Amino acid sequence: MNKPRSRLAVASLVLGLVGCWFVLLRAPFLLVLAIPLGIVTLLCGVAAAWKTSRRGTAVSGRGMAIAGICLGVAASFFGSVVLVIVVAQEQQRFQGNHDYHHRHAEFSRSPMRDIPATNFTSNLPIVVLQTDGQYVSKESRSFVRTRFHDAKKGQRAALDSSPDHAGFGTINLRGHSTLGLPKPSYTFHVTDERTNQVKVPLLGLPAEEDWILYAPFEDKSMIRDVLAYELARRMGHYAPRTRYIELFLQNNADEDNAVSMGDYMGVYVLVERIKRGKDRVNIAKLDEDDKDEPAISGGYIVKRDHGEGGGGRFRTARGGPFFYVYPKSRDITSAQKSWIRDYFVAFEEALYSENFADRREGYGAYLDVGAFIDSHWLVELSKNVDGFRYSAYLTKDRGKKLAPGPAWDWNRAFGNANYYDGEKVRGWYWMRLRPNEISWHQRLRDDPAYVERAAKRWVELRKDVLDPKKVSALIDQYAAELKEAQERNFERWPILGVHISSNYYVGDSHRDEVEWLKKWIERRIDWIDSQVEEREL
């Protein structure tokens, strides 16, 4: 007659598994829970082992109890170790940020002399925004008057010249971790005088109304985002087009007041905002009447991002939150919400099934594998610690498969992060991804065909797009473009030699930052080469 399992033994095994799972997730709160949970598991396991080993006992489960003891010890020990490591990393980041926060107010006050900028010229385009005295916030859009002076080939942009575009727009602050930085980034919409949005081709870029004025601050090379987007385009994918600019922001209420150097905000990047359109993310338009296949199958743009904040979103059993980008949360219908979520669920079920490598029923039936591999290599090359985690866009076009992209938010990349080993040229970033993030590579690599395809794609990219000499030449091109303006930028924002946010390397000059970036990429490519050769992906 089979003896029933000891409830204590079962409890110790289950609690031990939960405790170890908490450790693997590495979240500080869960690590704190894992330690006492491991102790409770240990006690339950010891009691169960003693009870089941007694002669004449009416219950079984001694092996289960021993397993629970081992898991309890592991959860408590490794929970303590990992918690110490996490706390130490946070203390390091806090200490590194101390000088920066102490000087935040100093950075915010412009050191530029408040003298007329009438004769100001630049090799970069110049943009002037006049707020008419309105306060600029994240929550609401502020009306602005705009002037765009382009630097055409062989010529310099000048404030005293006729603008290439003069009109109106709205701006508001943007960002998550960067929102509190002294040099703010803005969302910019081109409008008419009545604030109706209008499409305009700014600085030679295709006509649209939605733009970003990105403020390089943590990245003192001011190159990382621009570089990543260019590499993505060279791989054959859409990524936001960019133009370096110098920005003036007039906060006075007198629209006739002359622009002064006190209004100078430094070097910014005009960036195409991610949206559906023939010159942006070129996917099918979804109407509210699209309720059945094939019409309802696309196009969609979603974004895996931070869980806090507003915005329509969905989750699956294995991932999320995924936010609706297109159609917007106010426009997407219930049927379309259900369809795109069900597609993600079906993909995940296929990916983690026994037949996951089957061409018809496995992950390949849902995922654009080629596009995923390219995104994977761009993230791994740069060790972008936000990659596949935050601001991670995905598209699903009509009749096509799920594809990562467009690339977005690469400021904490290419060695510019002092956590998740982001500064190290060795080691895979994908091992840092949590189960609820876009950690699909961890399962895909179980398929030898996928590993071989990814390896061959790396070798192909190395011949041209990711040739270290060509990447270095591209960085030098950007550095030359910035050579003049970076001096004014760092006069306005004296942060060279100062640790900002997650900086690992802190250079004393812009040239130091650029050279370190080039060497880091060269060494990173060398390390990936060695792993690809051994198929250790």
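Residues numbered from 1 in each chain as written. Predicted model: local features only at pLDDT ≥ 70, side-chain atom pairs only at ≥ 80, totals over all residues. Heavy atoms only, no water.

## Let's talk about the pairing of strand β8 (residues 242–250)
Judged by how many residues are buried, β8 sits mostly within the fold: eight of nine residues are covered. In this sheet, β8 lies alongside strand β2 (residues 126–130) in parallel orientation, the contact comprising five bridges. Pairing of Ile 126 across the sheet is with Glu 246, part of β8. For β8 and strand β9 (residues 264–272), the ladder comprises seven bridges, and the chain directions are antiparallel. Bridged to Thr 242 within β9 is Val 271. (Buried < 20%, exposed > 50% of the residue type's maximum accessible area, 1.4 Å probe, protein only. Helix = DSSP H or I, 4+ residues; strand = E, 2+ residues; numbered from the N terminus. Pairing = 2+ DSSP bridges.)

## Considerations on the pattern of salt bridges
Counted under the stated rule, the structure contains 33 salt bridges. Note that Glu 272 is salt-bridged to Arg 241, the shortest N-O span being 2.8 Å. Remark: Arg 241 occurs in the loop between α5 (224–234) and β8 and Glu 272 occurs in strand β9; sequence separation between them is 31 residues. Judged by relative accessible area, which is 0%, Glu 272 ranks as buried. One continuous salt-bridge network, built from bridges that share partners, spans Lys 199, Glu 208, Glu 209, Asp 210 and Lys 275. (Salt bridge = Lys/Arg side-chain N within 4 Å of Asp/Glu carboxyl O.)

## Here's the deal with a negative patch on the surface
A surface patch of like charges, here negative, comprises Asp 287, Glu 288, Asp 289 and Asp 331. Checked against the element boundaries, Glu 288 lands in the loop between β9 and β10 (300–304). (Patch = residues over 30% accessible without salt bridge, like charges linked within 9 Å, V, L, I, M, F, W, Y side chains within 5 Å. Areas by Shrake-Rupley, 256 points an atom, 1.4 Å probe, with all protein chains shown as cover. Lys, Arg positive; Asp, Glu negative; His and termini not counted. Charge placed at Lys NZ, Arg CZ, Asp CG, Glu CD.)

## Some points on the sheet that holds strand β14 (residues 402–404)
The five strands lie next to each other as β11-β12-β10-β13-β14, forming an open sheet whose pairing is antiparallel. The open sheet is flanked by β11 (313–314) and β14, the only strands paired with a single partner. Where β10 lies against strand β13 (residues 392–396), five bridges are found, and the strand directions are antiparallel. Bridge pairing links Lys 303 to Tyr 393 in β13.

## A few points about the packing of aromatic side chains
All told, the structure shown has 27 aromatic pairs when counted by the stated rule. Look at Phe 356 and Tyr 363: their rings are 6.1 Å apart centre to centre, the planes differ by 35°, and that puts the pair in the tilted class. When its relative accessible area of 7% is taken as the criterion, Tyr 363 is described as buried. Measuring from ring centre to ring centre gives 4.9 Å for Trp 377 and Trp 458, while their planes differ by 50°; the resulting arrangement is tilted. Of the two residues, Trp 377 is situated in helix α7 (residues 369–382) and Trp 458 in helix α9 (residues 448–462); the sequence distance between them amounts to 81 residues. Its relative accessible area of 0% is what places Trp 377 among the buried residues. Taken together, the ring pairs connect Tyr 300, Trp 339, Tyr 343 and Tyr 366 into an aromatic cluster. Lying across the ring of Trp 211, Arg 280 places its NZ or CZ 4.8 Å from the centre. A cation over a ring is seen here: Arg 443 above Phe 356, with NZ or CZ 3.7 Å from the ring centre. (Phe/Tyr/Trp six-rings, centres within 6.5 Å; stacked < 30°, edge-to-face > 60°. Lys NZ or Arg CZ within 6 Å of the ring centre and 35° of its normal.)

## Quick notes on a nonpolar patch on the surface
A contiguous nonpolar patch, built from Val 73, Phe 77, Phe 78, Val 81 and Ile 85 and spanning about 440 Å² of accessible area, is present on the exposed surface. If you trace the backbone, Val 81 turns up in helix α3 (residues 62–102). Using a relative accessible area of 35% as the deciding quantity, one classes Val 81 as partly exposed.

## Some remarks on unusual backbone geometry
Residues Gly 298 and Gly 299 are joined by a peptide bond in cis, for which omega reads 5°. Cis peptide bonds are those with omega within 30 degrees of zero, and the linkage from Gly 320 to Pro 321 qualifies with 5°. Within the fold, Pro 321 resides in the loop between β11 and β12 (322–326).

## Some remarks on α5
Burial analysis of α5 places nine of its 11 residues in the buried class, the great majority of the element. Those residues of α5 that fall on the buried side of the exposure criterion are Arg 224, Asp 225, Val 226, Leu 227, Ala 228, Tyr 229, Glu 230, Leu 231 and Ala 232. Buried residues along α5 sit against β7 (210–214), β8, β9, α7, α10 (468–492) and α11 (510–533). A positive phi of about 105° marks Gly 236, the residue just after α5. (Contact = heavy atoms within 4.5 Å.)

## Remarks on the packing of helix α1 (residues 7–25) against helix α2 (residues 28–53)
Where α1 contacts α2, the two axes come as close as 8 Å, and the packing angle between them is 160°. Of the possible angle classes, the one that applies to α1 and α2 is roughly antiparallel. The chirality of how α1 crosses α2 is left-handed. Along the contact surface, α1 presents Leu 8, Ala 9, Ser 12, Leu 15, Gly 16, Val 18, Gly 19, Phe 22, Val 23 and Leu 25, while α2 presents Leu 30, Leu 31, Leu 33, Ala 34, Leu 37, Val 40, Thr 41, Cys 44, Gly 45, Ala 47 and Ala 48. (Axes fitted to C-alpha atoms, helices over the stretch in contact; angles between N-to-C directions. Parallel < 35°, antiparallel > 145°, perpendicular 65-115°, else oblique. Left-handed = near helix turned anticlockwise from the far one by under 90°.)

## Some details on the layout of surface pockets
Of the voids in this model, the second largest pocket is the one considered here, and its volume is about 610 Å³. Among the elements of the structure, α7, β13 and β14 are those that each provide at least two residues to the lining of the second largest pocket. A per-element tally of the lining of the second largest pocket places α7 first, with five residues. Each residue belonging to the lining of the second largest pocket can be placed in one class, and the counts come to 20 nonpolar, eight polar and eight charged. (1 Å grid on protein atoms, 1.4 Å probe; cavity = no way out; pocket = protein on both sides within 12 Å on 5 of 7 lines; lining within 4 Å. Points joined across faces, edges and corners; volume = space filled by probe spheres on them. Nonpolar A, V, L, I, M, F, W, Y, C, P; charged D, E, K, R; others polar.)

## Here's the deal with α10
At Lys 483, α10 shows its largest kink, close to 60°. Measuring from the backbone nitrogen of Lys 469 back to the side-chain oxygen at the start of α10 gives 3.0 Å, which picks out Asp 467 as the cap. (Bend = angle between axes of the 7 residues up to and from the residue. Polar contact = N/O pair within 3.5 Å; in protein donor to acceptor, adjacent residues only side chain to side chain.)

## Looking at the pairing of β7
With five of its five residues buried, β7 lies for the most part within the structure. On β7, burial covers both faces: Asp 210, Ile 212 and Tyr 214 on one face and Trp 211 and Leu 213 on the other are all buried. Two elements, strand β6 (residues 185–191) and β7, share four bridges in a ladder whose sense is antiparallel. Counted as the bridge partner of Tyr 186 is Leu 213 from β7.

## What to know about the environment of Ile 438
You can see Ile 438 is positioned in the loop between β14 and α8 (441–444). For Ile 438 and Gly 319, which are 119 residues apart along the polypeptide, the C-alpha to C-alpha distance reads 7.2 Å. Beyond its immediate stretch of four places on either side in the chain, Ile 438 contacts Arg 304, Phe 372, Phe 388, Ala 392, Leu 394 and Leu 433.

## So, the sheet that holds β9
Strand order in the closed barrel formed by seven strands is β2-β3-β5-β6-β7-β9-β8, with mixed pairing between adjacent strands. Sheet twist, expressed as the average angle between the axes of neighbouring strands with direction ignored, equals 40°. Pairing of β2 with strand β3 (residues 142–149), which is carried by five bridges, proceeds in the antiparallel orientation. Within β3, the residue paired with Val 127 across the bridge is Phe 148. In this fold α5 packs onto β7, β8 and β9, with an angle of close to 145° to the strand it touches most, β8. Across the face of the sheet, α10 comes into contact with β8 and β9 while running at roughly 135° to β9.

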